[in-house]
Amino acid sequence: MSKVLSVDLGGTKIAAALVINKKIVERAQVATPKAPEQLESVLKELLAPFMPEAQVVTVASTGIINKGILTALNPKNLGGLNHFPIQSVIENITQLPTLVINDAQAAAWSEFKLLKTPASNMAFITVSTGVGAGLVLAETLHVGPSGLSGHAGHMLSDPNGPMCGCGRKGCVESIASGTAIAAAGKAFWGDECTGQQVYQYFINGDRDAANIISCSAKSIANLIADLTISLDLDVVILGGSVGLAEGYLELVRNHLDLLPDIYKPRDIGLAQSGADAGLLGAASLYLDKSYFTVN
Ligand SMILES: [Zn+2]
């Protein structure tokens, strides 16, 4: 079964692609519906054109994926979508075997396979609407018994920091994410201020924006340090709209440089597969027989 219909379910968009020989041969994308009850009909319409050719479905989805059920750690990122039986819904639509994994975990696998220098332990960190991660340890993707492995965006960054959407105070996500950057920007530029605007002000040399972006980068640098010291990481790969933004990696490196060398991974780089990391990662996990198996 080598013709894979791969799906990437995110907070802002849902992408679907037919993957043959690990290459995307056909792709479509729609906006994630604001109302969770519309998700099933949106998926039906998106997946229908791919179904005649596909033999199996792989899904990279936002949220914690446990036994095919999507649960949100921070429900705000998903417009209230929570406890959604994503696997059975897609199985019913497609009548094909369906395999589901968290999107950052899928992207971690995709990026691990693209590393130019061999590595044993790698963390992929996405800084976007939220902050997520995927861990490849001893060349094996770690998903965990309940799908929780790598949800490092909810590790503690500042006990006096803002309340996180998960219910804990001061998580990395509450300081570093695009949503957190926008929230901090509202104090200076009003309620309509977006994360992209704050980032543009930073690029233009605004000092307040520079402070906000620096707080984000410092939080990510400390997260990298914590993961490196606990997991003996060789490599960290940064992704997501904030992680990949101009100058962000350099800021993270500058904050890491203030720490003792033991906290630094051998290498830090940027994600190479961009927007298709989830689609390709989920398909590869099946095609490599690395995580998914179908009887
Ligand atoms: Zn949190």
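Please refer to the structure higher up on the page.
Here we summarise the structure given alongside this text. No experiment lies behind these values; they were computed from the predicted model shown. (Residues numbered from 1 in each chain as written. Predicted model: local features only at pLDDT ≥ 70, side-chain atom pairs only at ≥ 80, totals over all residues. Heavy atoms only, no water.)

## A look at the coordination of the zinc ion
Part 1 of the reasoning: Taken together, the protein donors to the zinc ion comprise His154 (ND1), Cys164 (SG), Cys166 (SG) and Cys171 (SG), at separations of 2.1 to 2.4 Å.
Part 2 of the reasoning: Given four donor atoms and angles of 105 to 120° at the metal, the environment of the zinc ion is assigned as tetrahedral.
Part 3 of the reasoning: The sequence pattern formed by the donor residues of the zinc ion is H-x9-C-x1-C-x4-C.
Part 4 of the reasoning: Assessed through its relative accessible area of 27%, cysteine 166 is described here as partly exposed.
Part 5 of the reasoning: Its relative accessible area of 0% is what places cysteine 171 among the buried residues. (Donors = N, O, S within 2.8 Å, 3.2 Å for Na, K, Ca; no water. Tetrahedral: all angles 85-135°; square planar, octahedral: opposite > 155°, others 65-115°. Buried < 20%, exposed > 50% of the residue type's maximum accessible area, 1.4 Å probe, protein only.)

## Looking at the sheet that holds strand β12 (residues 267-270)
Part 1 of the reasoning: Taking strand neighbours across the sheet as the criterion, the five strands line up as β10-β9-β8-β11-β12 in an open arrangement whose pairing is mixed. The open sheet has two edge strands with one neighbour each: β10 (140-142) and β12. Strand-to-strand, the axes of this sheet are offset by a mean angle of 25°, without reference to chain direction.
Part 2 of the reasoning: Sheet topology places strand β8 (residues 122-127) next to strand β9 (residues 131-137); six bridges connect them, and they run antiparallel. (Pairing = 2+ DSSP bridges. Helix = DSSP H or I, 4+ residues; strand = E, 2+ residues; numbered from the N terminus. Axes fitted to C-alpha atoms, helices over the stretch in contact; angles between N-to-C directions.)

## A short note on the pattern of salt bridges
Part 1 of the reasoning: Counted by the stated rule, this structure contains eight salt bridges.
Part 2 of the reasoning: Of the charged contacts, one joins lysine 3 and glutamate 53 as a salt bridge, the two residues approaching to 3.3 Å between their closest N and O atoms. With a gap of 50 residues between them, lysine 3 in strand β1 (residues 3-9) and glutamate 53 in the loop between α1 (39-47) and β4 (56-61) connect regions that are remote in the sequence.
Part 3 of the reasoning: On the basis of relative accessible area, lysine 3 is assigned to the partly exposed category, the value being 29%.
Part 4 of the reasoning: Taking relative accessible area as the criterion, glutamate 53 reaches 39% and is therefore assigned partly exposed.
Part 5 of the reasoning: Between aspartate 288 and lysine 22 there is a salt bridge whose closest N-O contact spans 2.4 Å. You can see aspartate 288 sitting in the segment after α10 (277-287) and its partner lysine 22 sitting in the loop between β2 (13-20) and β3 (23-31), a full 266 residues away along the chain.
Part 6 of the reasoning: Owing to a relative accessible area of 21%, aspartate 288 belongs among the partly exposed residues under this scheme.
Part 7 of the reasoning: In this structure lysine 22 comes out as partly exposed when scored by relative accessible area, which is 39%. (Salt bridge = Lys/Arg side-chain N within 4 Å of Asp/Glu carboxyl O.)

Don't take any of this as a statement about function, it's just geometry.
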